[in-house]
Amino acid sequence: MITDVISALDLDRKSVELILNEAESMRNQLYGKRCLHIADEKIVITVFLEPSTRTRLSFQFAATYLGAKAIDFGTTEISSIQKGETFEDTIRMVDGYEPDAIVLRQSVPGNAKRAAEISAAPVINAGDGANEHPTQALTDMYTIKREIGRVNGLTIGLMGDLKHGRTVSSLSYMLDKFDENTVIYIAPDELQVSNEVVSKLKNLKYKKSDRVDGVMEDLDVLYVTRIQKERFIDNAEYERLKGSYIINRDFLEKFKRRPIIMHPLPRIDELASDVDNMKEAKYFEQAKNGVYVRMALLKEIMNL
Ligand code: NCD
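Since we're looking at a predicted model, the values are computed, not measured. (Residues numbered from 1 in each chain as written. Predicted model: local features only at pLDDT ≥ 70, side-chain atom pairs only at ≥ 80, totals over all residues. Heavy atoms only, no water.)

**Student:** I tried to follow the overall build of the protein on my own but got confused; where do I start?
**Tutor:** When its secondary structure is counted, the protein shows 10 helices and nine strands. Here the C-alpha atoms of the protein give a radius of gyration of 19 Å, agreeing with the 19 Å that 2.2 N^0.38 yields for 304 residues. Dimensions of the protein, computed from the C-alpha atoms along their principal axes, are close to 55 × 45 × 35 Å. Put simply, 72% of the contacts in the protein that link residues at least 6 apart link residues at least 24 apart. Charged side chains in the protein number 42 positive and 47 negative. The centres of these two groups are separated by 4 Å. (Helix = DSSP H or I, 4+ residues; strand = E, 2+ residues; numbered from the N terminus. Rg over C-alpha atoms; globule rule 2.2 N^0.38 Å. Contact = heavy atoms within 4.5 Å. Lys, Arg positive; Asp, Glu negative; His and termini not counted. Charge placed at Lys NZ, Arg CZ, Asp CG, Glu CD.)

And the structure:
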């Protein structure tokens, strides 16, 4: 049984496989329909205290497609957080209305765990600062499985702001559960993956590189990420590093063997729009896949 989903580390390989299979089943069952009516009495609340488009909307669509009601907490500007209400009180309040699941995004690493301790309803971490984003990682795994047919024996380049990117840590932990995967962390030194993340890896082989050219033809997947401007303390450092890598069509066409291109989105200028209609571009499918994965996860977490 899956209860709270706080970290990708909490899910075992069996649970991940279950969600990936269930996501495919959700996609098939939903085909040609607007609602599955398997969660008609349920209520899901999305509490997003940091900006989001895809994660918030895909959870709301997922809940609605299952038949549940999706309630949104609203922005921090219109809530009592603006008046100084604490995080703990906010969660206690929300939980008091008895939702069947709370989907939470906020900026403090570890506060998703704190919310799960306070609330009776299961909590899904939809991003806690620079820490983790487990449901994005499930979406990424599902996309890799659909596009390549497997989630083991792969070489995956994770590129961009690996220091602040929460999708990078969660995806690394997911890949670590399967066999014979290799990750190449591609970033300038200042943005390389943290030792804290790699110290938690058991099975995954990895190397670091500051250039993408030399490793391109080894990759099955190139996973591009945005420089996380909002996490920089020093704006001058952000200005210096932004644009330090750009993937565009000209660059990709230099290689005979090309990986599929993924990105959790939003993109800024690290991934040019002239890649969008190349057959390797999978990031809009990836965003759509998030709905089926979140349907599967909500179904499991609500015991349906
Ligand atoms: C990511 C996030 O919020 O961490 N976006 C998402 O959920 N799809 C990546 C990002 O913001 O760069």
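**Student:** Please explain the pattern of salt bridges as it appears in this structure.
**Tutor:** Tallied over the full model, the rule gives 25 salt bridges. With a shortest N-O distance of 2.9 Å, R231 and E50 are connected by a salt bridge. Placement of R231 in the loop between β8 (221–224) and α8 (235–241) and of E50 in the loop between β1 (43–48) and α2 (54–66) is noted, with a sequence separation of 181 residues between them. (Salt bridge = Lys/Arg side-chain N within 4 Å of Asp/Glu carboxyl O.)

**Student:** Just to check I follow, could you spell out the sheet that holds strand β3 (residues 101–106) for this structure?
**Tutor:** Pairing between the strands of a sheet is mediated by backbone hydrogen bonds and can be parallel or antiparallel. Strand order in this open sheet of four strands is β2-β1-β3-β4, and the pairing throughout is parallel. On the outer flanks of this sheet lie β2 (69–72) and β4 (123–128), each paired with one strand and no other. Direction aside, the axes of adjacent strands within the sheet are offset by 15° on average. As paired strands, β1 and β3 are joined by five bridges and run parallel to one another. Residue pairing across strands places V44 opposite A101, the latter belonging to β3. (Pairing = 2+ DSSP bridges. Axes fitted to C-alpha atoms, helices over the stretch in contact; angles between N-to-C directions.)

**Student:** What am I meant to see in helix α10 (residues 283–301) here?
**Tutor:** Every α-helical turn comprises 3.6 residues, leaving residues that sit three or four positions apart pointing alike. The end-to-end C-alpha distance of α10 is 26 Å, a good match for the 27 Å that 19 residues give at a rise of 1.5 Å each. The first or second residue beyond α10 is N303, which carries a positive phi of 60°. (Expected span 1.5 Å × (residues − 1).)

**Student:** What is the right way to read the domain arrangement of the protein from this model?
**Tutor:** The extent of an interface is frequently quoted as the accessible surface area lost upon association of the parts. For the protein, the domain assignment lists domain 1 (8–132 + 288–301) and domain 2 (134–287). Between the C-alpha centres of domain 1 and domain 2 there is a distance of 24 Å. At the junction of the two partners, domain 1 supplies 35 residues and domain 2 supplies 30 residues. The junction of domain 1 with domain 2 conceals about 2,800 Å² of combined surface from both sides, 56% of it contributed by carbon and sulfur atoms. If you sort the residues of domain 1 by the area they bury against domain 2, R13, L20 and R54 come out on top, with a joint share of 23%. (Domains from an automatic or database assignment. Buried area = accessible area lost by both parts, 1.4 Å probe.)

**Student:** Got a minute to help me understand the pairing of strand β6 (residues 182–186) in this structure?
**Tutor:** Where a strand is regular, its side chains alternate between the two sheet faces. Taken across its five residues, β6 has five buried, putting it largely inside the fold. With five bridges joining them, strand β5 (residues 155–159) and β6 adopt parallel strand pairing. Note on β6: the bridge partner recorded for T155 is T182. (Buried < 20%, exposed > 50% of the residue type's maximum accessible area, 1.4 Å probe, protein only.)

**Student:** Help me out: how do you make sense of helix α6 (residues 166–176) in this one?
**Tutor:** Counting buried positions over the 11 residues of α6 gives 11, a clear majority of the element. Among all positions of α6, only R166, T167, V168, S169, S170, L171, S172, Y173, M174, L175 and D176 are buried.

**Student:** Hey, could you run me through the site of the ligand in this one?
**Tutor:** In the vicinity of the ligand, the contacting residues are R54, T55, R105, H133, Q136, R166, T167, R226, Q228, P264, L265 and P266. Between an oxygen atom of the ligand and a side-chain N or O atom of R226, the distance comes to 2.8 Å. Between an oxygen atom of the ligand and a side-chain N or O atom of Q228, the distance comes to 2.8 Å. A total of 320 Å² of accessible area belongs to the ligand in isolation, and the protein chains cover 94% of it. Listing elements by their share of the shell around the ligand, those giving two or more residues are α2 and α6. For the shell around the ligand, the per-class residue count stands at three nonpolar, five polar and four charged. When residues of the shell around the ligand are assigned to domains, at least three fall in each of domain 1 (8–132 + 288–301) and domain 2 (134–287). (Near = heavy atom within 4 Å. Polar contact = N/O pair within 3.5 Å; in protein donor to acceptor, adjacent residues only side chain to side chain. Areas by Shrake-Rupley, 256 points an atom, 1.4 Å probe, with all protein chains shown as cover. Nonpolar A, V, L, I, M, F, W, Y, C, P; charged D, E, K, R; others polar.)

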